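# Report on the structure
Listed below, chain by chain, are the residues.
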Amino acid sequence: SEISDLIVAETWRRQGVGTAIIQHLVARAARTTLPIVEIGAAEDNPGALRLYRRLGFREARRLELDLGRGPQMVIYLELSLR
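Residues numbered from 1 in each chain as written. Predicted model: local features only at pLDDT ≥ 70, side-chain atom pairs only at ≥ 80, totals over all residues. Heavy atoms only, no water.

### Thoughts on unusual backbone geometry
To keep it simple, the criterion reads: Runs of E in the DSSP output that reach at least two residues are strands. Runs of H or I that reach at least four are helices, and both are numbered from the N terminus. Burial classification: accessible surface area is computed with a 1.4 Å probe over protein chains only, and a residue below 20% of its type maximum counts as buried, one above 50% as exposed, and the rest as partly exposed.
In this structure, Arg14 takes a positive phi of about 65 degrees despite not being glycine. When you line up the elements, Arg14 lands in the loop between β1 (2–3) and α1 (17–30). Judged by relative accessible area, which is 85%, Arg14 ranks as exposed.

Structure below.
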């Protein structure tokens with residue numbers, strides 16, 4: 001299962017909103033038979049990567065993708081649910 005396109009409005013950042021959303025989604029996924037949850041962030045988004053790592057996600061792979069501003073490295077992180 002993948003958490004995709006999670007964006008918190010700038011005025012709500014650093015207030016726990018992103019943490020709460022991710023924790024809610026992970027809890028929902030944990031009630032299924034899914035073995036992992038995956039989330040990705042551009043390498044140039046250190047705030048998101050810090051949050052995901054703080055919540056227990058671990059780097060799984062890197063891919064170069066075009067996210068609308070030309071090719072950039074995207075780091076995918078996984079959290080085991082089992």
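Alright, that's what it looks like, and here's the rest.
### Considering the packing of aromatic side chains
Just so we agree on the cut-off: Pairing of aromatic rings covers Phe, Tyr and the six-membered ring of Trp, with a centre-to-centre limit of 6.5 Å; geometry is then stacked below 30 degrees between planes, edge-to-face above 60, and tilted otherwise. A ring is scored as having a charge over it whenever the NZ atom of a lysine or the CZ atom of an arginine sits within 6 Å of its centre and within 35 degrees of its normal.
This model, assessed by the stated rule, comprises 1 aromatic pair. The ring of Tyr76 has Arg61 lying over it, and the distance from NZ or CZ to the ring centre is 4.3 Å.

### Quick notes on the environment of Val17
Counted only if it meets this: Note on contacts: a residue pair is in contact if any heavy atoms of the two residues lie within 4.5 Å.
As for its placement among the helices and strands, Val17 is situated in helix α1. Here the alpha-carbon distance between Val17 and Arg50, two residues 33 residues apart in the chain, equals 15 Å. Non-local contacts of Val17, meaning those with residues more than four positions away in its chain, are made with Val8 and Trp12.

### Quick word on the sheet that holds strand β3 (residues 58–66)
Hydrogen bonds between backbone groups are what pair the strands of a sheet, and the pairing can be parallel or antiparallel. What counts is decided by this rule: We call two strands paired when DSSP finds no fewer than two bridges between them. Angles shown run from 0 to 180 degrees and are taken between the N-to-C directions of axes, each axis being a line fitted to C-alpha atoms and, for helices, limited to the stretch in contact.
In space, the 4 strands of this open sheet follow the order β1-β2-β4-β3, with mixed pairing throughout. Each end of this open sheet is capped by a strand with a single partner; those strands are β1 and β3. Where strand β2 (residues 36–42) lies against strand β4 (residues 71–80), 7 bridges are found, and the strand directions are antiparallel. Looking at the pairing, Ala41 lines up with Ile75 of β4. Contacts between helix α2 (residues 46–54) and the sheet are confined to β2, β3 and β4, with β2 contributing the most and set at about 160 degrees to the helix.

The values are spatial; any link to function lies outside them.
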